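Structure assessment
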Amino acid sequence: MEARDRTRPAPPAARRLSRLGPLVAAALSSALPSCVEAVTVEQAPPPSALGMNESRTLTLEFLRFDARGFAKTLTLDELKAIPRPTLEGIWLLDLDISTLIENALLKVMYLPPAEIAALPPASRNLVGLLNMTPENADLRGTSLEGLLGVGNAVGLPTSKILSDLTGAAGNERLIPVQITSQAVLENLVSTHPNTQHRRGPPNDEHPDGVYPVAPHSIPVTLYDVVTDFAGLAAQFGPTPLDPDDPDGAEHPGFIKAASGVKAALDDFTMTVRVDVNALPYKGVDATMADVASVNSTPGQIDTLFDFSQEDWLVLDNLARNLSIGELTLAIPENAMLLPGGTSREPAPRGNSPVWEQPLWEFEHILARAGKLRAAQIEDHCSTYAPAGTSTSDFEAVKVCIDESGWTEISVDESVILEDPPPAPSYFWDILLDVAQARLHDGGLAEGEANLEVTLRDVPVGVKTEDLVASIKENLASDPAVLKDMALELNNNAAGDADFYLYQPSTESGVAGQRDYLYFVAPDDIRKDADGARVRDYAYESPGFFSDPALEKKVSTTEEIDGDALHEKVEVKAGDTLYFADDEARRYEIRIGDKPSPHRLSLTLTRIQ
């Protein structure tokens, strides 16, 4: 095993009170009169490491400074100074982007003519497709082109047939924007790995720390809010489908670029109100045989916030109307022409090859939109007599759609046509055929019609008060996500303790009548300025034992004062314990007398 670096920097000449941690320093400064000068304590150089069979006697103290209802306000700059991994670890909510996608599609549909003219050809064609109605549908070069001849032969407008078939008025869009939005959400957005799962603190339900994201949503962290969603394009751009196989198949993503998001205004503040023992626990760094400080915050996370109080968390000066200043959406097309199906089988979708293609491709999205639209059309048949013979019983044209979406257009044999009427097919096969033809207008070849549209000032569609309410509800239901930030607010760890002293509260609230040694847990490993742990949790046999071979464990994880995480054992004068540190060195602990109610002496001996 590689030994960790225990070299300590030369101590400062004096250590000021603020070294206790930002939270306790702030609490003390507000509690003490302004005329009291800061306390300074001279600190001796660190001792040398223990040699084999060498012993050293140390005294540990258990002190408390209980801050009740203490409010800590963080500015936007202070939040940005918190290490990025910490901010990214604070999940706030799953933001439903159904309205955002619908708003984006509406923006495309209603682009000014000058902006439409400036779009790439494929994107211009998309605008036409989104605005396609029975009146303006262009059927040239499609399987429905024969319908033009039918209309001419009997004097019947093609738009009338399309209108009756779909139940849409002449100038009503064939595919409503709500349906297109649903297809985009299901096929493109919801298939992206980062809209399916997010990281969070491991627990019994999610031991791997992977959580599902709500449908049609993107996970939002505190990092997103304080950086104005600077990582949107990276997070929801091209991404490996399998996170464990970065060189494998990719999802193309759906956000090409995003900027101009203003979530937190410049005077944004976040205020948290806590009940906390702000002082660290005193423990022993066995390698150095010296006293070290362990941050007391992790063991208090379940009692840190009083969620019954409305002001436990206050977010001031969030943007009133959350919107994206500039958003570029991208949808890829398949490199091949994908014909519509010609058979009912395999039910219920038919035999078009589109269903075998990736869900996020434009053609598959179109087919899905067509299937959703067909589900809204009641099964019916419409018959038409030749123009000018409306009272005749002669049915020149008959158009039917059944409950499965299967569509048939039949023409009486007496009607002379240059081209046969369209063959029977599902409604979505018809839509796919027409849409693919129109997408490539302007001479675009297959594979050249990838869609990319830049939109401006797209509303996200969420009210600030609803956003705040969701954030508070989610954090209250899982306060563990705030643990790393709480450690930053009360960063008072020093050294690398292997165990520490804890004195449980009695029923009367008095500590000091019983002494416990707690073995450190992974959360106790201190972090550097970048939020990374300074060492691995490399203990092979964490806990305390009654024998030097470490075969008879005497510590347990019994719950004390809400802590069921740490290996712990009650000790009294004369007890002898054994343990191994994270470098596999073994030690003996002999418990000595108590110099005072909140102090405990012990002798540490390295035995292996």
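Per chain, residues are indexed from 1 in the order of the written sequence. Under the rules for a predicted model, residues below a pLDDT of 70 receive no local features and side-chain atom pairs below 80 are neither given nor counted, while totals for whole chains, interfaces and linings still include all residues. Each side-chain value is worked out from all heavy atoms of the structure, with water and hydrogens disregarded.

This part takes up the packing of aromatic side chains. Stacked, edge-to-face and tilted labels apply to pairs of Phe, Tyr and Trp rings (six-membered ring for Trp) whose centres lie within 6.5 Å, assigned for plane angles under 30 degrees, over 60, and everything in between, in that order. Here the structure, examined in full by the defined rule, presents 20 aromatic pairs. A centroid spacing of 5.6 Å and a plane angle of 35° characterise the contact between phenylalanine 236 and phenylalanine 254, whose relative ring orientation is tilted. Here phenylalanine 236, found in the loop between helix 11 (232-235) and strand 9 (239-240), pairs with phenylalanine 254, found in the loop between strand 10 (250-251) and strand 11 (255-259); they are 18 residues apart in sequence, far enough to count as distant. Taking the relative accessible area as the measure of exposure, phenylalanine 236 reaches 1% and is therefore buried. With a centroid separation of 5.5 Å and 40° between ring planes, the pair formed by tyrosine 500 and tyrosine 518 is classed as tilted. Here tyrosine 518 lies in strand 23 (residues 515-519) and tyrosine 500 lies in strand 22 (residues 499-502), a separation of 18 residues in the sequence. Accessibility classification places tyrosine 500 together with tyrosine 518 in one group, the buried group. The structure contains a cluster of three or more aromatic residues connected by ring pairs, namely Phe499, Phe519, Tyr537, Tyr539, Phe544, Phe579 and Tyr587. One cation-aromatic arrangement involves arginine 198 over tyrosine 211; the distance from NZ or CZ to the ring centre is 4.6 Å. The cationic tip of lysine 371 hangs over the ring face of tryptophan 428; the distance from NZ or CZ to the ring centre is 5.2 Å. By definition, any uninterrupted DSSP run of H or I lasting at least four residues is a helix, any uninterrupted run of E lasting at least two residues is a strand, and each is numbered from the N terminus. Working definition: with a 1.4 Å probe on protein chains only, accessible area under 20% of the residue-type maximum means buried, over 50% means exposed, and in between means partly exposed. Comment: the charge-over-ring label is applied if NZ (Lys) or CZ (Arg) is within 6 Å of the ring centre and within 35 degrees of the ring normal.

For the rest of this paragraph, the subject is helix 4 (residues 98-109). Multiplying 1.5 Å by the residue count of a helix minus one yields the expected span of that helix. Here helix 4 is twelve residues long and its end C-alpha atoms lie 17 Å apart, about the 16 Å a rise of 1.5 Å per residue gives. Should any heavy atoms of two residues lie within 4.5 Å, those residues are considered in contact. Buried residues in helix 4 make contact with strand 5 (91-96), helix 6 (121-130), helix 9 (177-189), strand 16 (321-331) and strand 21 (451-463).

What follows covers the pairing of strand 23. With five of its five residues buried, strand 23 lies for the most part within the structure. Neither face of strand 23 is exposed, since Asp515, Leu517 and Phe519 on one face and Tyr516 and Tyr518 on the opposite face are all buried. Here, any two strands with at least 2 DSSP bridges between them count as paired. Where strand 22 meets strand 23, four bridges bridge the pair, whose relative direction is antiparallel. Opposite leucine 501, over in strand 23, you have leucine 517 as the bridge partner. Direction of pairing for strand 23 relative to strand 24 (residues 568-571): antiparallel, over a ladder of four bridges. Looking across to strand 24, one finds that leucine 517 is bridged to valine 569.

What follows deals with the packing of helix 9 against helix 12 (residues 362-374). Angles run from 0 to 180 degrees between N-to-C directions of axes, and those axes are lines fitted to C-alpha atoms, restricted for helices to the stretch in contact. Running from N to C, helix 9 and helix 12 cross one another at 130°; their axes reach a closest spacing of 9 Å. By the criterion of interaxial angle, the relationship of helix 9 to helix 12 is oblique. Viewed along their axes, helix 9 and helix 12 form a crossing whose handedness is right-handed. Facing Ile179, Gln182, Ala183, Val184, Glu186, Asn187 and Leu188 of helix 9, the residues of helix 12 in contact are His364, Ile365, Arg368, Ala369, Leu372 and Arg373. Each residue receives one of three labels: charged for Asp, Glu, Lys and Arg, nonpolar for Ala, Val, Leu, Ile, Met, Phe, Trp, Tyr, Cys and Pro, and polar for the others, Gly being one of them. Class assignment of the residues belonging to the contact of helix 9 with helix 12 gives a composition of seven nonpolar, three polar and three charged. Roughly parallel covers angles under 35 degrees, roughly antiparallel covers those over 145, roughly perpendicular covers 65 to 115, and oblique covers all other angles. Crossing chirality is assigned from the near helix's rotation relative to the far helix, an anticlockwise turn below a right angle marking it left-handed and a clockwise turn marking it right-handed.

Moving on: the sheet that holds strand 12 (residues 264-277). Judged by pairing direction, the sheet is antiparallel, and its three strands sit side by side in the order 4-12-15 without closing on themselves. Every interior strand has two partners, whereas the edge strands, strand 4 (66-75) and strand 15 (313-318), have only one. Averaged over all neighbouring strand pairs, the angle between strand axes comes to 10°, with direction disregarded. As paired elements, strand 4 and strand 12 share eight bridges and run antiparallel to each other. What sits directly across from phenylalanine 70, in strand 12, is valine 274.

In this section: the environment of histidine 364. When you line up the elements, histidine 364 lands in helix 12. Note: C-alpha distance between histidine 364 and valine 354 (ten residues apart in sequence) is 5.8 Å. In this view, histidine 364 contacts Asn187, Val354, Trp355, Gln357, Pro358 and Leu359; residues no more than four positions away in its chain are not counted.

In this section: the packing of helix 4 against helix 9. Packed helices, taken two at a time, are described by the angle their axes make and the gap between the axes. The contact between helix 4 and helix 9 brings their axes to 9 Å, and the two run at 120°. With respect to helix 9, the axis of helix 4 lies oblique. Read as a crossing pair, helix 4 and helix 9 show a hand that is right-handed. Together, Ser98, Ile101, Glu102, Leu105, Leu106 and Met109 of helix 4 and Val177, Gln178, Thr180, Ser181, Val184, Leu185 and Val189 of helix 9 make up the contact between the two elements. When grouped by side-chain class, the residues that make up the contact of helix 4 with helix 9 number eight nonpolar, four polar and one charged.

Counting rule for disulfides: a pair of cysteine sulfur atoms within 2.5 Å. Taken as a whole and judged by the stated rule, the model has one disulfide. A disulfide bridge connects cysteine 381 with cysteine 400, and the sulfur atoms are separated by 2.0 Å. One disulfide, between cysteine 381 and cysteine 400, carries an S-S torsion of 115° and so falls in the right-handed class. Pair noted here: cysteine 381 is in strand 17 (residues 380-384) and cysteine 400 is in strand 18 (residues 397-401), with a separation of 19 residues, a long-range link.

A word on a negative patch on the surface. Together, Asp242, Asp244, Asp245 and Asp247 make up a negatively charged patch on the protein surface. With respect to the helices and strands, aspartate 247 occurs in the loop between strand 9 and strand 10. Exposure above 30% relative accessible area and the lack of any salt bridge qualify a residue for a patch; like charges then connect within 9 Å, and the nonpolar side chains Val, Leu, Ile, Met, Phe, Trp and Tyr within 5 Å. Residue-level accessible areas treat just the shown protein chains as cover; the underlying method is Shrake-Rupley with a 1.4 Å probe. Any carboxyl oxygen of Asp or Glu that lies within 4 Å of a side-chain nitrogen of Lys or Arg is treated as forming a salt bridge with it. When charges are counted, Lys and Arg are positive and Asp and Glu negative, with His and the chain ends excluded. Charge coordinates come from a single atom per side chain, which is NZ of Lys, CZ of Arg, CG of Asp or CD of Glu.

As a further point, take helix 8 (residues 158-166). With seven of nine residues buried, helix 8 lies mostly within the body of the structure. The set of residues buried in helix 8 consists of Thr158, Ser159, Ile161, Leu162, Ser163, Leu165 and Thr166.

Another point: the sheet that holds strand 23. In any sheet, the strands associate via hydrogen bonds between backbone groups, in a parallel or an antiparallel arrangement. If you walk across this open sheet you meet the five strands as 14-13-22-23-24, and the pairing is antiparallel. At either end of the open sheet lies a strand with only one pairing partner, and these are strand 14 (290-294) and strand 24. Each strand axis lies, on average, 35° off the axis of its neighbour in the sheet, ignoring direction.

Attention now goes to the pairing of strand 19 (residues 406-411). In the sheet, strand 18 pairs with strand 19 via five bridges, with the strands oriented antiparallel. Looking at the pairing, valine 397 lines up with valine 411 of strand 19. The hairpin formed by strand 18 and strand 19 contains four residues between the paired strands, and glycine 405 there has a positive phi angle of roughly 95°. Summarising the sheet, strand 19 and strand 20 (residues 425-426) pair through two bridges and their orientation is antiparallel. The residue bridging tryptophan 406 from the neighbouring strand is tyrosine 426, located in strand 20.

This structure, assessed with the given rule, holds 25 salt bridges. The shortest N-O distance in the salt bridge between arginine 514 and glutamate 570 comes to 3.0 Å. Of this pair, arginine 514 sits in the loop between strand 22 and strand 23 while glutamate 570 sits in strand 24, and the two are 56 residues apart along the sequence. A relative accessible area of 28% places glutamate 570 in the partly exposed class.

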